[in-house]
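Listed below, chain by chain, are the residues.
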2 protein chains.
Amino acid sequence: MKRVSAGFLPPIALDSGRKVPIYRQLYEWFRRAILAGQLRPGQRVPSTRSLAAELGVSRIPVSSAYEQLHAEGYFETFVGAGTCVARSIPDDALKPAAGKMTGKTAGKILRSSRQSPDSKAMRKVSRRVALMQMPAQTWSNQLVAFRVSLPALEHFPTRVWSHLVNRHSRRPTRQLMAYGDAKGYRPLREAIAEYLGAVRAVRCEPSQVLVTTGSQQGLQLSAQVLLDANEGVWIEEPGYPGARQALTMAGAKLVPVPVDHEGLNVAEGIRRAPGAHAVYITPSHQYPLGVTMSATRRMLLLQWAMRSGAWIIEDDYDSEYRLGGRPIASLQGLDTDARVIYVGTFSKVMFPALRLGYVVVPGDLAEAFSTARDAADQFSSTLYQAAMTDFIREGHFARHIRKMRMLYLQRRAALVEAIHKRMEPKLEVIGAEAGMHLTALLPPGVSDVAISRRAAEMGISAMPLSSCYANPPRRGGLILGYGGTDARQIQDGIRKLAMCI
Amino acid sequence: MKRVSAGFLPPIALDSGRKVPIYRQLYEWFRRAILAGQLRPGQRVPSTRSLAAELGVSRIPVSSAYEQLHAEGYFETFVGAGTCVARSIPDDALKPAAGKMTGKTAGKILRSSRQSPDSKAMRKVSRRVALMQMPAQTWSNQLVAFRVSLPALEHFPTRVWSHLVNRHSRRPTRQLMAYGDAKGYRPLREAIAEYLGAVRAVRCEPSQVLVTTGSQQGLQLSAQVLLDANEGVWIEEPGYPGARQALTMAGAKLVPVPVDHEGLNVAEGIRRAPGAHAVYITPSHQYPLGVTMSATRRMLLLQWAMRSGAWIIEDDYDSEYRLGGRPIASLQGLDTDARVIYVGTFSKVMFPALRLGYVVVPGDLAEAFSTARDAADQFSSTLYQAAMTDFIREGHFARHIRKMRMLYLQRRAALVEAIHKRMEPKLEVIGAEAGMHLTALLPPGVSDVAISRRAAEMGISAMPLSSCYANPPRRGGLILGYGGTDARQIQDGIRKLAMCI
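None of the values given here were measured: they were computed from a predicted structure.

Peer 1: Looking at this structure, how should I read the overall build of chain A?
Peer 2: The helix and strand tally for chain A stands at 19 helices and 16 strands. A globule of 501 residues ought to have a C-alpha radius of gyration of about 23 Å, yet chain A, at 30 Å, is considerably larger. Considered along the principal axes of its C-alpha atoms, chain A spans approximately 90 × 50 × 50 Å. Each of the 501 residues in chain A was classed as buried or not, and the buried ones make up 62%. Put simply, 71% of the contacts in chain A that link residues at least 6 apart link residues at least 24 apart. Counting only carbon and sulfur atoms, one obtains 53% of the accessible surface of chain A, whose full area is about 18800 Å².

Peer 1: What's the story with the relation of the copies chain A and chain B in this structure? I'm lost.
Peer 2: Both copies of the chain are placed relative to one another by a rotation about an axis and a shift along it. Note on the copies: chain A fits chain B at an RMSD of 0.1 Å, the axial shift is 0.1 Å, and the rotation between them is 180°. Taken together, these values place the two copies in the relation of a two-fold axis. Distance from the rotation axis, computed per C-alpha, reaches its smallest value in chain A at A:Asn166: 3.3 Å.

Peer 1: What exactly am I supposed to notice about the sheet that holds strand S14 (residues 437–441) of chain B here?
Peer 2: Whenever strands of a sheet pair, they do so through backbone hydrogen bonds, lying parallel or antiparallel. All names here are of chain B. What the four strands build is an open sheet, ordered S13-S14-S16-S15; its pairing is antiparallel. The two strands at the open ends of the sheet, each matched to only one other strand, are strand S13 (428–430) and strand S15 (463–464). Where S14 and strand S16 (residues 477–481) come together, five bridges link them in antiparallel fashion. Counterpart to alanine 440 in the pairing with S16 is leucine 478.

Peer 1: Which parts of the structure should I look at to understand the interface of chain A and chain B?
Peer 2: The parts lose accessible area when they come together, and the size of an interface is often stated as this lost area. Listed as interface residues are 125 residues of chain A and, on the opposing side, 123 residues of chain B. Between chain A and chain B, a total of about 10800 Å² is buried, with carbon and sulfur atoms accounting for 54% of that surface. Among the residues chain A hides against chain B, the three largest losses belong to A:Arg174, A:Met177 and A:Tyr179. Together they make up 7% of the total. Inspection of the region where chain A meets chain B yields eight salt bridges. B:Lys124 is the partner of A:Asp228 in a salt bridge, and the nearest nitrogen-oxygen pair spans 3.7 Å. Linking chain A with chain B are 35 residue pairs in polar contact (both at pLDDT 80 or more).

Peer 1: Looking at this structure, how should I read the nonpolar core?
Peer 2: Most often, soluble globular proteins keep nonpolar side chains buried together rather than apart. In this structure, A:Trp161, A:Met388, B:Trp161 and B:Met388 are the most contacted members of the largest nonpolar core, which totals 138 residues. Leave out the neighbours within four places in its chain, and B:Met388 touches B:Trp161, B:Leu188, B:Phe346, B:Met350, B:Leu354, B:Leu356 and B:Phe397.

Peer 1: Any chance you could explain the pattern of salt bridges here in plain terms?
Peer 2: Side chains that differ in sign of charge can pair as their charged atoms come close. Summed over the entire model, instances satisfying the criterion amount to 48 salt bridges over all chains. Between A:Lys183 and A:Glu367 there is a salt bridge, and its shortest N-O distance comes to 2.8 Å. A residue pair is termed long-range when its members are at least 10 positions apart, and A:Lys183 in the loop between helix H9 (174–177) and helix H10 (186–200) and A:Glu367 in helix H15 (residues 366–377) qualify at 184 residues. The buried category is assigned to A:Lys183, whose relative accessible area is 16%. Where B:Arg186 meets B:Glu190, a salt bridge forms, and the shortest distance between an N and an O atom there is 3.0 Å. Note that B:Arg186 and B:Glu190 are positioned in helix H10 (residues 186–200) at a spacing of four residues, about one turn of the helix. On the basis of relative accessible area, B:Arg186 is assigned to the partly exposed category, the value being 42%. Residue B:Glu190 is classed as partly exposed on the basis of its relative accessible area of 31%. Beyond isolated ion pairs, a larger network of salt bridges with shared partners links A:Lys124, A:Arg127, B:Asp228 and B:Glu231.

Rules used in this analysis
Residues numbered from 1 in each chain as written. Chains lettered and ligands numbered in written order. Predicted model: local features only at pLDDT ≥ 70, side-chain atom pairs only at ≥ 80, totals over all residues. Heavy atoms only, no water. Helix = DSSP H or I, 4+ residues; strand = E, 2+ residues; numbered from the N terminus. Rg over C-alpha atoms; globule rule 2.2 N^0.38 Å. Buried < 20%, exposed > 50% of the residue type's maximum accessible area, 1.4 Å probe, protein only. Contact = heavy atoms within 4.5 Å. Areas by Shrake-Rupley, 256 points an atom, 1.4 Å probe, with all protein chains shown as cover. Least-squares fit on C-alpha atoms with pLDDT ≥ 70 in both. Pairing = 2+ DSSP bridges. Buried area = accessible area lost by both parts, 1.4 Å probe. Salt bridge = Lys/Arg side-chain N within 4 Å of Asp/Glu carboxyl O. Polar contact = N/O pair within 3.5 Å; in protein donor to acceptor, adjacent residues only side chain to side chain. Core = buried A, V, L, I, M, F, W, Y, C linked by side-chain atoms within 4.5 Å.

Next up, the structure:
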């Protein structure tokens, strides 16, 4: 570390032992000195030759620093006057920063300014984000027993998948590396359209399919395309918190509509908000109660939507895993007025970090969705889309679903049996035999939040049912995932859970 | 194909040659017949035994179909009455669908309903999306000469990269496959914070870094977190269309502020909209003009933001490729009031389909951004984040940047020379020596849109400068990318372009 006084300049500290090159240290020093007011506008600075000599360094780094300071407008050169601090840096621009930029005080300023109420108003974020601050999460999000939405990752055919990924990443085409289509990779859209037509009775052309980053992006795009700020949207009560987030983010006005044993109570929705612009719904396997929406209600809903011009956002998040009976056909397939936006995901059938899902939209909305996707984040990783296409086309997808359906059936049975044995009547299992989680009601008056907190402390994840409600529920419960929880963990987890209640 | 009349039922057509299983054909037939009103609520249907006999099929598929129809509420069973069409399907729910659901008429209904003005109002999308309908794109988006934002993909170290991807995908940890952190993979956030601190003088902790899906998502999140509907935001005129899209999507009011040779005219911005809530800016290398913002303007901007409580969205989209002189330090590094949101991307240094970028946000906004990301699409592919971390940590990133900087310097020189030789004075190159594209002005009165269209017909991409303006510009120009355009393509492309003008 050498300190040199450069004529009329404040002392310049250069450290030749530091990794930062000399030109950069000089540049930084000048910039700080100018911003801190130690060097004033119009003030002359030494020539590169004399500064280099004074500092005992080569002239090259000094010239580099000066060049840079010129390029950024901190220095000016005038014929006859040599190099000066730029005169156009206004005095008042420098004063607020004076004395603050030197050293490492910026962090302190930020901290102190955050404490004063005045500057709090100065650090305002949007209302939509302020509204989103969810209640503190009391349940564990670790990869532990009963974590909701987690598939059986240990059974995923990793070798097959990494082989397919490698096939494309080893010698990628330019198309796979460059900017892709906002609507998605065409061969994947074709494969999805075929799959949904065959398995979910979804009626669509590939041109109506958009590949998304999981179902959450499908919800976000739907909210942004369909709803303006303060427009009403029915949501299921209780319902999926991720949908509430996406709709809140779009500034929509959420209208909770109760769910009973037939699914969403459509008549009640019409009573509460007949002019709502959209409805969010999980008809195949209601989240979180597990109810299947009845045919009557489906027809009533479609009829209301057709009459009022409302859009229906159908979230078919886990219908691959209908465990008892045949899969329930989609609402989209019943829709004669092209009012349904069908949202699905590969996160549960494949693995969450794949980040691929899809929406099927009415033909006349395809462009609007594509525009919204382009504005949001342009497109999804093309390499994964290509690998996913192969995974479907080469039969691995159907095979994996079949295998997992059997596994989840066993896991569900093991969980239900363990609950029956150890926890009845404290826990009452409800909902259809589907998906990768079940909901169990607690006795009236027992706080599911308190239990979820205790369970988290014991290393198990028990999502409280109340977290899915917009308004306080009459009865609490626990949402228990069994997809990623094996037989041993189920036994152990229920033993621990019994201790919590 | 056999047609059987099942007693009092309309004829059922079963096709044993079709891939669709019998139970599914039966289920579909009943569903359609009920919805079309051919079977009425309360109407009795044959027993599974008698229907199976009549159709000449095994009883198993008939039972399956009936089960399914029960599960979905189309059928009811009453003791003594056998199986009936559900009586709770309301008459009026069925009428609008009557006669429409049979056959393939749904498409036609959609098409015809779209033509009537009444139903157009019934198919309203949000204002923000309606506002986004951009002018028709007249330039080529193919991977041809002068395509903007396209890097030299043929020089990307594909083998190294696919090796790193394979390293993680062959034996992925559960953490890499499961749900990831909305803020990003921690080791990557650390690597980004170090990189930006060293190279861009960005001052941040890893906790302030969020991994995004390219810079576009950084812009989207910034818009959503910082701006409410109808709040003002300065945008550069001309400026990056992707930023306009993201801000429009958030419902913000865009205020175009002219750019001159010192960058954004801050005084003019203050005159036009002193109370704007944010500003979008590309200070290192203005998009598309290529100007570097002067120190004076930087200070004025920071001062205005500090005084008025406005946020600054700094898009540092291509500063890795400063070709002449040293890189210009970021605005973020000058900011003493934590008002700058710094947006960057790996799309240009790596390849666009990687879909990884980042934002650096003030510490007190990190949670809000994370919440917004969670609501948008949860998180980015963890596998790619892990591979990207290795790519940086193992030195490949710095090496590739150095190599590409030399290459782009050569390509730029070749393009500038070709323009000088063949196209002066028809094209006038402007802007600093940086990035992967340059802007060239056309003579006054020449339509850049017309030229871009002609160029597209000849198989080259010439983005018109006017597409970056909110208001009609005084002079048109062309934005020519040279990152993904090699020496031969440059010569050939300029020869063709000369023919267009």
